Amino acid sequence: MLGITQTTNKTTLLRYLALPQPEDKVQCMYIWIDGTGENLRAKTRTVDFVPKQATELPIWNFDGSSTGQAEGHNSDVMIHPVALFKDPFRGNNNKLVLCETYRHDGAVHPSNKRNSCNQVMQKAKGFEPWFGIEQEYTLLDTDLHPFGWPKNGFPGPQGPYYTGVGANNVHGRDIVESHYRACLYSEIKISGENAEVMPAQWEFQVGPCEGISMGDHLWVARFLLHRVAEDFGVVVSFDPKPMPGDWNGAGAHANYSTKEMRAPGGMKAMVEAIERLGKRHAAHIRAYDPNGGNDNRRRLTGRHETSSIDNFSYGVAHRGSSIRIPRQCSDDGCGYIEDRRPSSNCDPYSVTEMLVRTTCLNETD
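Residues numbered from 1 in each chain as written. Predicted model: local features only at pLDDT ≥ 70, side-chain atom pairs only at ≥ 80, totals over all residues. Heavy atoms only, no water.

To continue, consider unusual backbone geometry. Following Gly-207, the chain continues to Pro-208 via a peptide bond in cis, the omega torsion being 0 degrees. Mapped onto the elements, Pro-208 comes out in strand β8 (residues 201-210). Even without glycine at this site, Ala-200 takes up a positive phi of about 80 degrees. Position of Ala-200 among the secondary structure elements: in the loop between β7 (190-195) and β8. A positive phi is found at Asn-362, a non-glycine position, where the angle reads about 55 degrees. Structurally, the position occupied by Asn-362 is in the segment after α10 (348-359). By relative accessible area, Asn-362 is classed as partly exposed at 42%. (Helix = DSSP H or I, 4+ residues; strand = E, 2+ residues; numbered from the N terminus. Buried < 20%, exposed > 50% of the residue type's maximum accessible area, 1.4 Å probe, protein only.)

Shown next, in the form of structure tokens:
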């Protein structure tokens, strides 16, 4: 029942984690995206060697009827290891294993957005697409009320919370710091973090990452955040508008560049890319949240530092536009663009795939 917190003794757990682990026994936690397109699942198996690459690990399976990915009469969904990370919770040689999902007959599962993204990244490899995603999220108590908010009221208006300091301005910093260190240990390309505009809302940044690694690193960073918060008895929400009213929503702003954009005089390529993006605005909106744009409609209202979901716009240093050109990039005449439309619960594989399809492969449908 929600609202009732059941805790275990973490000190007792450490006693068992400190037990010697045989060198030829490695715990590998397989991680995959479930049928919602936004939630993660995981389970662990033992292998008799220390894997150096994900492809060395065996294909496994799970009960897809319990994850929204299969029916009970034919429930096995296959998981293929595709990326390997160090496990910050178990330590030693233990691993986190990001996986793609496949049907029993070898066909790509409909929930598997990584496969098509990887194909697109291979086609566009010569463009050297770089990404950096600003992942916003909200911390909730187990009753699903924002962490640190009054139980029978609201905190003061937005203003002092963004990049704030002090117990009256920020809530959950222990979780944020623990997550940051866990990402560094796991060799996630995390590049920063900060408190956001709404109290109990935070952001971490991952990147720069090239090609398919953007999605890999962000999904595992999300998994680590859920697991860290679990240890603190706190819930993580990636909902793009967790609190209605005069509160900021949560996004996943995608910073993007190609080799041509980063070179001297790259502003021309940046503007050309933006103009292409404007012509496919509706298609991008459909790809930028797991529910075809319906989640983002609650967030992209033209208020609270967002653009309107129905209109495309861009500008220099304009946080109310669809695409922002950072001031420094404008001054330098090259650099990157920031697509501010993706929702916080987006699939980064879908977002990065669409950016490359539109701006590198010149798709227009």
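So, on to the UniProt feature "domain: GS beta-grasp" (unreviewed entry) in the chain. Here the UniProt feature "domain: GS beta-grasp" (unreviewed entry) sits at residues 24-106. Secondary structure content for residues 24-106 is 0% helix and 47% strand, and the end C-alpha separation is 31 Å. (UniProt positions renumbered as here; feature names shortened; annotations may be inferred.)

Under the UniProt annotation, "domain: GS catalytic" (unreviewed entry) lies at residues 113-365. Annotation note: span residues 113-365, helix share 35%, strand share 18%, distance between end C-alpha atoms 19 Å.

Let us look at the nonpolar core. For soluble globular proteins, the rule of thumb is that nonpolar side chains tend to be buried together. The biggest cluster of nonpolar side chains holds 67 residues, and the ones touching the most others in it are Tyr-137 and Ile-188. With 10 residues, helix α4 (residues 213-231) is the single largest residue contributor to this core. Mapping this core onto the domain boundaries places at least three of its residues in each of domain 1 (21-111) and domain 2 (121-361). Counting 12 residues, the second-largest nonpolar core is a separate cluster that includes Tyr-30, Phe-62, Val-77 and Cys-99. (Core = buried A, V, L, I, M, F, W, Y, C linked by side-chain atoms within 4.5 Å. Domains from an automatic or database assignment.)

Both faces of the sheet carry side chains from a regular strand, because those side chains alternate between them. Here strand β3 (residues 60-63) pairs with strand β4 (residues 76-86) via four bridges, running antiparallel. For Phe-62, the partnering residue across the bridge sits in β4 and is Val-77. Here β4 pairs with strand β5 (residues 95-102) via eight bridges, running antiparallel. Paired with Pro-81 across the bridge in β5 is Cys-99. (Pairing = 2+ DSSP bridges.)

On to the state of the cysteines. What the rule picks out here adds up to zero disulfides. Looking at the unpaired Cys-28, the closest cysteine sulfur is the one in Cys-99, lying at 9.7 Å. Given a relative accessible area of 0%, Cys-28 falls into the buried group. Between Cys-209, a free cysteine, and Cys-183, which holds the nearest cysteine sulfur, the sulfur-to-sulfur gap is 11 Å. Since its relative accessible area comes to 1%, Cys-209 is described here as buried. (Disulfide = S-S within 2.5 Å.)

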